[in-house]
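Below are the chains, spelled out letter by letter.
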Amino acid sequence: ERQFQSYMDTKDSRNQFSRSLLRAIQEASPDGILVVDQHSQVISYNQRFLEVWQIEEQCRPDEQAMYQSLSEEPLLDSALRKLKNPDAFLQRIQELYNNPALHDHAEIELNDGRTLDRHSTGLFDDQNNYLGRVWFFRDITRQKLNEALLQDLAWRDPLTGTMTRGYFLERAEEELQRAQRYGHTLAVIMLDVDHFKEVNDRYGHYAGDRVLVILCQRWLETIRNNDLLGRIGGEEFTILLPQSDLQTALQTAERVRSITESQPVHSDGVAINCTVSGGVAMLDNNQNDSVKDALKRADNALYSAKKLGRNRVEQFSGIV
């Protein structure tokens with residue numbers, strides 16, 4: 001009897017140790033943790049789970065029940081009210097409960113603008129009997145914002161807000177593939193602000209930067225919403241015009257040239273008059289043409305415009 005009692009005391013001590021260890025691990029985790037059994041009863045969760053989901057006080061069981069079996073429904077109902085897409089969330093949960101061997105990794109968008117990273121895996125004993133499922137939730141809102149900022153820095157020229165050279169080429173390649181697929185026409189315009197070095201030398205680099213910013217704003221207001229404007233050099237820009245013929249491209253380039261000439265840029269009380277030269281070329285909607293080849297053709301046309309006195313638009317003729 002004493003040996004049996006000693007065994008039971010030892011077993012109880014080990015169980016208490018295991019529970020204490022589980023609590024310590026859960027509470028030390030940066031993730032919100034929720035564990036449910038095979039009947040969808042909540043076995044345990046940590047404080048971080050409540051914080052991540054911002055579970056309302058009335059939906060929280062008392063602390064004594066935190067590691068006892070309880071219904072999942074109050075926690076689930078509270079979470080669903082916070083989701084942008086609760087139907088998809090519920091559908092995925094049902095899929096995972098119907099297929100215990102499935103693993104899950106997804107990002108969840110909440111109504112308050114936050115994003116949660118979700119992991120889930122089934123729990124099985126040594127005989128591969130399904131015991132339940134564990135869920136991990138982590139608030140990755142700051143990480144997503146940082147990723148978006150870095151992506152924006154990669155896509156947007158920090159001064160003018162137009163596309164960077166790399167992103168412009170990427171988007172232009174997509175448009176070319178679309179044009180080749182559907183037989184659409186595609187045009188490109190190369191632009192160069194005339195005598196821009198003189199602007200910097202005479203008025204300073206701050207004024208020069210302002211000139212580029214204001215000109216880009218005016219050009220964006222002039223072109224269509226689906227046209228692409230990118231900065232490919234210091235004062236060199238390019239415009240891609242999807243579904244445009246040569247005449248439309250020439251008219252667009254002329255509008256850009258005209259608005260640049262007709263409206264000075266004001267900086268520190270000084271009116272700075274600017275002009276721009278442009279070169280226009282078409283992209284062939286066949287498999288042999290490329291965006292870079294078209295840019296070279298437009299650049300040749302731009303070179304012709306500069307040779308002929310600047311502040312004008314020329315089209316590529318095959319002769320430089």
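Everything discussed here concerns the structure shown above.
Chains are numbered independently. Their residues run from 1 in the order of the written sequence. Since the coordinates come from a predicted model, pLDDT governs what is reported: local features require at least 70, and pairs of side-chain atoms require 80 or more to be given and counted, while whole-chain, interface and lining totals use all residues. With hydrogens and water excluded, all non-hydrogen atoms of the structure serve as input to the side-chain values.

Outline the pairing of strand β12 (residues 276-283), supporting the account with residue identities and numerical values.
Among the eight residues of β12, seven are classified as buried, and the element is accordingly described as predominantly covered. Two strands pair if DSSP finds at least two bridges between them. Here a strand is any run of E in DSSP of at least two residues, a helix any run of H or I of at least four, and the numbering for each starts at the N terminus. In the sheet, strand β7 (residues 186-193) pairs with β12 via eight bridges, with the strands oriented antiparallel. Residue pairing across strands places Ile189 opposite Val280, the latter belonging to β12. Relative to strand β13 (residues 313-315), β12 is paired through three bridges, and the arrangement is parallel. In the sheet register, Gly279 faces β13, and the bridge partner there is Glu314. Relative accessibility under 20% of the residue-type maximum defines a buried residue, over 50% an exposed one, and the middle range a partly exposed one, all with a 1.4 Å probe and only protein chains included.

Quick one: what's the story with helix α9 (residues 246-262), residue by residue and with numbers?
Two residues of an α-helix separated by three or four positions point the same way, owing to the 3.6 residues in each turn. Counted at 1.5 Å a residue, the expected span for α9 with its 17 residues is 24 Å, and the 24 Å between its end C-alpha atoms agrees. Listed in full, the buried residues belonging to α9 are Ala249, Leu250, Thr252, Ala253, Val256, Arg257, Ile259 and Thr260. We call two residues in contact when some of their heavy atoms are within 4.5 Å. Packing partners of the buried residues in α9 comprise β7, α8 (205-222), β9 (236-242), β12 and β13. Expected span of a helix: the number of residues minus one, times 1.5 Å.

I'd love a proper account of the environment of Met163, names of residues and values included.
Its location among the elements puts Met163 in the loop between α5 (141-155) and α6 (165-182). Take Met163: its relative accessible area is 6%, and that puts it in the buried class. When the C-alpha atoms of Met163 and Leu153 are compared, they prove to be 9.7 Å apart, with ten residues separating the residues in sequence.

Summarise α6; cite the residues concerned and give the values.
The terminal C-alpha atoms of α6 lie 26 Å apart, and with 18 residues this matches the ideal 26 Å at 1.5 Å per residue to within 8%. What α6 keeps buried is the set Tyr167, Phe168, Leu169, Ala172, Glu175, Leu176, Ala179 and Gln180. On its buried side, α6 packs onto α5, β7, β8 (228-231), β9, β12 and α10 (291-307). Immediately downstream of α6, the backbone of Gly183 shows phi near 75°, a positive value.

Before we move on, could you go through the sheet that holds β9 and cite the residues and values that matter?
The mixed open sheet is built from five strands, whose spatial order is β8-β9-β7-β12-β13. The sheet is open, and its two edges are formed by β8 and β13, each paired on a single side. For this sheet, the mean inter-axis angle between neighbouring strands, taken without regard to orientation, is 20°. Here an angle of 0 to 180 degrees is reported between the N-to-C directions of two axes, which are lines fitted to C-alpha atoms, with helices fitted over the stretch in contact. Sheet contacts for α10: β7, β9, β12 and β13; angle to β12, the most-contacted strand, approximately 145°.

Mind laying out the side chain of Ser78, listing which residues take part and the relevant values?
The residue Ser78 is located in helix α3 (residues 73-80) in this model. One polar contact links Ser78 to Lys82, side chain to side chain, over a distance of 3.5 Å. Any N or O atom pair separated by 3.5 Å or less is treated as a polar contact, with the protein-specific requirement of one donor-capable and one acceptor-capable atom, and with residues adjacent in sequence counted only for side-chain atom pairs.

Account for the packing of helix α7 (residues 196-203) against α8, with residues named and values stated.
Two numbers describe how α7 lies on α8: the axes approach to 6 Å, and their chain directions differ by 135°. By the angle between their directions, the pair α7 and α8 is classed as oblique. Contact residues: α7 offers Phe196, Val199, Asn200 and Tyr203, while α8 offers His205, Ala207, Gly208, Val211 and Leu212. Residue composition of the contact of α7 with α8, by class: six nonpolar, three polar and no charged. Any angle that falls under 35 degrees is termed roughly parallel, while one over 145 is termed roughly antiparallel, one within 65 to 115 roughly perpendicular, and all others oblique. Residues were grouped as follows: Ala, Val, Leu, Ile, Met, Phe, Trp, Tyr, Cys and Pro as nonpolar; Asp, Glu, Lys and Arg as charged; and all remaining residues, including Gly, as polar.

Explain the pattern of salt bridges to me, and be specific about the residues and the numbers.
Note on definitions: salt bridges are taken to be side-chain nitrogens of Lys or Arg within 4 Å of carboxyl oxygens of Asp or Glu. Counting across every chain of the model gives 20 salt bridges. Note that Glu174 is salt-bridged to Arg171, the shortest N-O span being 3.6 Å. Here Glu174 and its partner Arg171 are both found in helix α6, three residues apart, which amounts to about one turn of the helix. Of the residues examined, Arg171 reaches a relative accessible area of 22% and is grouped as partly exposed.

Tell me what's going on with the pairing of strand β5 (residues 115-124), and back it up with residues and numbers.
For strand β4 (residues 104-109) and β5, the ladder comprises six bridges, and the chain directions are antiparallel. Looking at the pairing, Ala106 lines up with Arg118 of β5. In this structure, the hairpin formed by β4 and β5 is closed by a connection of five residues, where Gly113 is found at a positive phi of approximately 95°. Counting the residues in the hairpin turn of β5 and strand β6 (residues 130-139) gives five residues, including Asn128, whose phi is positive at 65°.

How would you sum up the nonpolar core? Please name residues and give values.
Within the largest apolar cluster, 29 residues are counted, with the highest numbers of intra-cluster contacts made by Leu191, Val211, Trp219 and Ile239. Looking at this core, the element that brings in the most residues is α8, giving seven residues. Excluding residues that lie within four positions of it along the chain, Val211 makes contacts with Phe196, Val199, Val265, Ile272 and Cys274. Counting residues in hydrophobic clusters, the runner-up holds 22 residues, among them Phe89, Leu96, Ile108 and Trp135. For our purposes a nonpolar core is just a set of buried Ala, Val, Leu, Ile, Met, Phe, Trp, Tyr and Cys residues, chained together by side-chain atoms within 4.5 Å.

Please give an account of unusual backbone geometry that cites residues and values.
Positive phi values are uncommon outside glycine, yet Asp268 reaches one of about 50°. Relative to the helices and strands, Asp268 resides in the loop between β10 (265-267) and β11 (270-272). Positive phi outside glycine occurs at Arg310, with the angle close to 70°. Structurally, the position occupied by Arg310 is in the loop between α10 and β13. When its relative accessible area of 32% is taken as the criterion, Arg310 is described as partly exposed.

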